Protein chains: 2
Amino acid sequence: MERITLAHGDGGELAHKLITDVFVSMFHNDHYAKFDSATLTLGAHELAVTTDSFVVKPLFFPGGNIGKLAVAGTINDLAVVGAVPKVLTCGFIIEEGFSIHDLKTIVQSMAEEAKKANMTIVAGDTKVVERGSADGLYINTTGIGVISRPLDRKICEGDSIIISGSVGDHGVAILVARGELGLVSKVESDCASLYSLIEKAMEASEHIRLMRDPTRGGLATALVEICEDFGVTIELEEERIPIKKEVEGACELLGFDPLYLANEGKVVMIVPKEDEQAVLDALRSQPEGKDATVIGTVRATNKGQLLLRTPLGTTRRLYRLTGLMLPRIC
Amino acid sequence: MERITLAHGDGGELAHKLITDVFVSMFHNDHYAKFDSATLTLGAHELAVTTDSFVVKPLFFPGGNIGKLAVAGTINDLAVVGAVPKVLTCGFIIEEGFSIHDLKTIVQSMAEEAKKANMTIVAGDTKVVERGSADGLYINTTGIGVISRPLDRKICEGDSIIISGSVGDHGVAILVARGELGLVSKVESDCASLYSLIEKAMEASEHIRLMRDPTRGGLATALVEICEDFGVTIELEEERIPIKKEVEGACELLGFDPLYLANEGKVVMIVPKEDEQAVLDALRSQPEGKDATVIGTVRATNKGQLLLRTPLGTTRRLYRLTGLMLPRIC
């Protein structure tokens, strides 16, 4: 009998297959094809809706906790489709014996993060399960936003790929926080809500083609999905992708590729070449975007491949994350 | 150190305290005070939003499964505030090793239940946790509806209390399905979406004051909450509350009070006396409402008490569910 494996949950190839085979095929409608978030029209309003469950382990890590992660993650899912985050719901599954003090700390982080984006938490739910039936706490957050200005979504040859900062920080921070590998590092998770950063970029360019927050599966998987969905080929320049020295070091030690590590406070954008500088300036004017940089270019508009040009001048194709990398990263 | 207990999750007194102390106080805003669902205005639209996590054990039970329960439960939360269910999101937390066949069966039930209410599933999320970190499968569903006609919400002395059918079926069905008590029973869960039933009732009366779906905490807790929130006193007539013989029998054997057992396909309504018959006729015209009946009356409008008149003519006050009754009932 076919069974669920941890790799079904890591945002890579198997997760993609599960979503396609089970959820998209059974819930078939145009909205659900994207699964992660959807836009829908309600009267005069174009709404964005997104949902995520958070099972990150450990619950507290350098740079954040599960509550901050949940709210920021939901805000980011809305912001990258050009929506103004409006309302949030949250569902808590709590293991018997969980500390009420820790719960309060986590809920406080959620309230603070929601307030920053001016989001109202409108409804919630708590369930308690017996000791051993959950791992402390799981949180679901669902967000609704109003799309103020839809994205361009017309990717053209020559468009620039911009990342708002270094990749892999969240993945390494979680790995270190687990303490299983005896690894010590000062890397903090980049966990942050990006609504105001993205707002600035959208003010700087009216033609941002597309944005993604490269979470599970990392930068590479997020871009492979864009290449496949839009049939475009993107070429990244390896040397230009910002990676912190500590992240690079930990990845070398552990055999991870930082391009596949989760980020929780980064946005990757496709913008017209002529708007590149304006968007970079806008991003760099904000603390979350100070290391924003151009990392690649849209090369052709019909092949659907993600390519990586190495410092040696060779080019290799990147694929969706396959197999298990890091479970319970978010 | 204060810790979470199973009783914090059963919809009774402790759950109420947790919600008030932790969530409402930290997420403070008018919407969140109700916690379960909220209404908000978006342009010309009045929306209803609700979220629930489902941790029912076992996942399959006579009359339904966790997927049907999740979707029906969300539809009902929207319907009881007078909303037309529109869109649904779902988040899955799956334990490593879970059968993909079972997952497909559950997802299929969700799709069917959503279709019945003409609801579109717009976004989803899957997370996988290691063996032992969850109990098979947990589902969160969040629903958005459009309020077509807001409820009256002005409860008056003399108003009638109507229940759409027998109480306690879901609670007993789950208990029996767990097989822990060696109990055998033919009782099926009443798990069903009530949107079309409620629509019929709203067509029959323009002045339905208020509706609730008496889930966790049962009929008594749902009505105690109304009495407290609106400062009204409600008197129920014990003899008139429909309870199936098998449910009554199981409750006697196990020491449970059916008024506190969860229902997943029942609605309790407060309607003006003069509309009582029209609403009853409308409810009884549908299979889910065939046993609808009047079970009580609003007695005074300022005391905030729920009273039960026994067949002996005595009256006792009912309170919110206290202590642990049945964990993981939904």
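Heads up: these notes are all about the structure in this document. All figures in this text were calculated on a predicted structure; none of them were measured in a lab.

Section: a negative patch on the surface
Here is step 1 of the chain: On the surface, a cluster of negative charge is contributed by Glu238(A), Glu239(A), Glu248(A) and Glu252(A).
Here is step 2 of the chain: Locating Glu238(A) in the fold gives a position in the loop between strand S10 (233-237) and helix H7 (245-254).

Some points on the sheet that holds strand S11 (residues 268-271) of chain A
By definition, the strands of a sheet pair up through backbone hydrogen bonds, in either a parallel or an antiparallel sense.
Residues and elements named next belong to chain A.
Here is step 1 of the chain: In spatial order, the strands read S9-S11-S8-S12-S10-S13-S14; together these seven strands make up an open sheet with mixed pairing. Edge positions in the sheet fall to strand S9 (210-212) and strand S14 (315-318), since each of these pairs with one other strand and no more. Averaged over all adjacent pairs, the angle separating strand axes in this sheet is 25°, with direction ignored.
Here is step 2 of the chain: Strand direction decides the pairing type here: S9 and S11, joined by three bridges, are antiparallel. Opposite Arg212, over in S11, you have Val268 as the bridge partner.
Here is step 3 of the chain: Each of strand S8 (160-163), S11 and strand S12 (293-300) touches helix H8 (residues 276-284); the most contacted strand, S8, lies at about 5° to it.

Concerning the pattern of salt bridges
Here is step 1 of the chain: Tallying each qualifying case throughout the model produces 46 salt bridges over all chains.
Here is step 2 of the chain: For Lys57(B), the salt bridge goes to Glu130(A), with nearest N and O atoms at 3.4 Å. In this pair, Lys57(B) is assigned in the loop between strand S2 (45-54) and strand S3 (60-61) and Glu130(A) in the loop between strand S6 (120-129) and strand S7 (137-147), connecting two distinct chains.
Here is step 3 of the chain: According to the relative accessible area criterion, Glu130(A) is buried, its value standing at 19%.
Here is step 4 of the chain: Each of Glu235(A), Glu237(A), Arg240(A), Arg299(A) and Arg309(A) takes part in one network of salt bridges that share partners.

Observations concerning the relation of the copies chain B and chain A
What relates the two chain copies is a rotation about an axis together with a slide along it.
Here is step 1 of the chain: Superposing chain B onto chain A requires a rotation of 180° together with a translation of 0.0 Å along the rotation axis, leaving an RMSD of 0.0 Å. Accordingly, the operation relating the two chain copies is best matched by a two-fold axis. Of every C-alpha in chain B, the one belonging to Ala134(B) sits nearest the axis of rotation, 2.2 Å from it.
Here is step 2 of the chain: A share of 100% of the interface residues of chain B reappears at the interface of chain A, consistent with the copies meeting face to face through the same patch.

Conventions and cut-offs
- Residues numbered from 1 in each chain as written.
- Chains lettered and ligands numbered in written order.
- Predicted model: local features only at pLDDT ≥ 70, side-chain atom pairs only at ≥ 80, totals over all residues.
- Heavy atoms only, no water.
- Patch = residues over 30% accessible without salt bridge, like charges linked within 9 Å, V, L, I, M, F, W, Y side chains within 5 Å.
- Areas by Shrake-Rupley, 256 points an atom, 1.4 Å probe, with all protein chains shown as cover.
- Salt bridge = Lys/Arg side-chain N within 4 Å of Asp/Glu carboxyl O.
- Lys, Arg positive; Asp, Glu negative; His and termini not counted.
- Charge placed at Lys NZ, Arg CZ, Asp CG, Glu CD.
- Helix = DSSP H or I, 4+ residues; strand = E, 2+ residues; numbered from the N terminus.
- Pairing = 2+ DSSP bridges.
- Axes fitted to C-alpha atoms, helices over the stretch in contact; angles between N-to-C directions.
- Contact = heavy atoms within 4.5 Å.
- Buried < 20%, exposed > 50% of the residue type's maximum accessible area, 1.4 Å probe, protein only.
- Least-squares fit on C-alpha atoms with pLDDT ≥ 70 in both.

Coordinates in, geometry out; function isn't part of it.
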